[in-house]
Amino acid sequence: MDSAPKKKKSVSSKQDKSQAGSVKSKKQQPLGEILEQQNSQHDIQIDDHPQQADPFISQPPQQQIKVCIHHNLPFQFFCEACEDPICQQCTILGPHNTQLHRINRLSDSFKLRCAKIEESIKANLLGKREQLLAQIHRIEYRIEEIKYVKTIIERDARAEFGGVLERLKQSEGQKLAILSHEISELQRDLDKINEVGSQFYDLKEIPDPCPFLLKSRNIYDQIEYMVAKPFKVQIEVYPYDLPRELTELRLQLQRASAQQQLIEFKNEIIWKLLSEKQIDEEAIKQELERQASEEINEWSKLVDKFSMELRKQQLVCYYCGCKMEKQYVNSICVQNRQEQDYDKVFCNEQPPQNHHGTSRHYFADPIL
């Protein structure tokens, strides 16, 4: 009497374990394999006479049939404009009985949206997933490069400077933290993509299409968001700018030795210049004074010469001796008359005979 219930209980427990294992293995499968498995499955058909359940095959949990809140009838159609499942009376009596509402059968809307989201996953989301995986591999390879370069520098600096190693580790930690943050961001996007794919196929397997139709818009928006979301391709953290303080110290010592020799050579040159300056300072001073005196004498002679030339260029009247200025040019010369004797003259050049007695000035070079 008691053995039959125990046997039945063991069979049900095996069924539960097999069901849990199948669900777990399905979640661990890659997204491409899930797509291939889903394409090979047949379409869901609604049958009024369900077949007899096999006791050795786990059956999906029975879903409660959802009905219309307006007419209390099962859903048969789907409004594409409102994105709500409706019954037949909603298309006749309302509120979905106008031309503004695009009505399709529930199964047709399910297949249409399922195909659209599946095509979007294959065309866009899988490519983005591969790009994220490739970027993660590149960053991991860059991390290995940084670690390798760090070990080389650490080997050279370990014997001499402990502080150099400490600063090197800090620089490495900063670079690895930045790259680890980038990996975490990429991994978060990758997990989001896997989550969207798993959510899609979990909803697709439910016999009732209503939950899928209610969440299809959200799934499609998430796909569009993940496809449009950019990610940084360029890795801006490099291993070759890690601090090489030991090499820099050696170069500084070499430069310091060369600079010390240069400073000594400059000091020697400066001392020689100062000595020569003290010796030749008096001679240079005397030479400058001599040259200045000669220059002043030359300028004095030149001034006298130009003064004589300027006096020669000043014209005076032959008769009265007035200078050729604006006020005398057109005036009457009182000394140039016919009865006047021309014993006293002021110019070397004599005027023509017909100019005498005309009461006009005759300007020429003065007698010096």
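Quick look at the structure, then. On a predicted model such as this, the values are computed, not experimentally measured, just so you know. (Residues numbered from 1 in each chain as written. Predicted model: local features only at pLDDT ≥ 70, side-chain atom pairs only at ≥ 80, totals over all residues. Heavy atoms only, no water.)

### Looking at the nonpolar core
In terms of nonpolar packing, the biggest core is built from 42 residues, with Phe200 and Phe212 touching the most fellow members. At the level of secondary structure, the elements contributing two or more residues to this core comprise strand 1 (77-79), helix 4 (106-157), helix 5 (162-205) and helix 6 (209-228). The leading source of residues in this core is helix 4, at 13 residues. Other than its neighbours up to four places away in sequence, Phe212 contacts Phe110, Arg113, Cys114, Ile117, Phe200, Leu203 and Lys204. (Core = buried A, V, L, I, M, F, W, Y, C linked by side-chain atoms within 4.5 Å. Buried < 20%, exposed > 50% of the residue type's maximum accessible area, 1.4 Å probe, protein only. Helix = DSSP H or I, 4+ residues; strand = E, 2+ residues; numbered from the N terminus. Contact = heavy atoms within 4.5 Å.)

### Things to note about the environment of Leu203
Inspection of the secondary structure assignment puts Leu203 in helix 5. For Leu203, a relative accessible area of 9% corresponds to the buried category. Once the C-alpha coordinates of Leu203 and Ser216 are considered, the two residues, 13 residues apart in sequence, prove to be 9.2 Å apart. When neighbours within four sequence positions are excluded, Leu203 is seen to be in contact with Pro211, Phe212, Lys215 and Ile219.

### Some details on the packing of helix 4 against helix 5
To characterise two packed helices, one gives the angle between the axes of the helices and the distance between these axes. Put simply, helix 4 and helix 5 touch, their axes get as near as 9 Å, and they point 165° apart. Relative to helix 5, the element helix 4 is oriented roughly antiparallel. Relative to helix 5, helix 4 is oriented so that their crossing is left-handed. Its residues assigned to classes, the contact of helix 4 with helix 5 shows 25 nonpolar, three polar and 14 charged. (Axes fitted to C-alpha atoms, helices over the stretch in contact; angles between N-to-C directions. Parallel < 35°, antiparallel > 145°, perpendicular 65-115°, else oblique. Left-handed = near helix turned anticlockwise from the far one by under 90°. Nonpolar A, V, L, I, M, F, W, Y, C, P; charged D, E, K, R; others polar.)

### Observations concerning the sheet that holds strand 3 (residues 103-105)
If you walk across this open sheet you meet the three strands as 2-1-3, and the pairing is antiparallel. Each having just a single partner strand, strand 2 (84-86) and strand 3 make up the two edges of the open sheet. This sheet shows a mean twist of 35° between the axes of neighbouring strands, independent of strand direction. Bridging between strand 1 and strand 2 involves three bridges; their strand directions are antiparallel. Bridging from a neighbouring strand, Phe78 pairs with Pro85 of strand 2. (Pairing = 2+ DSSP bridges.)

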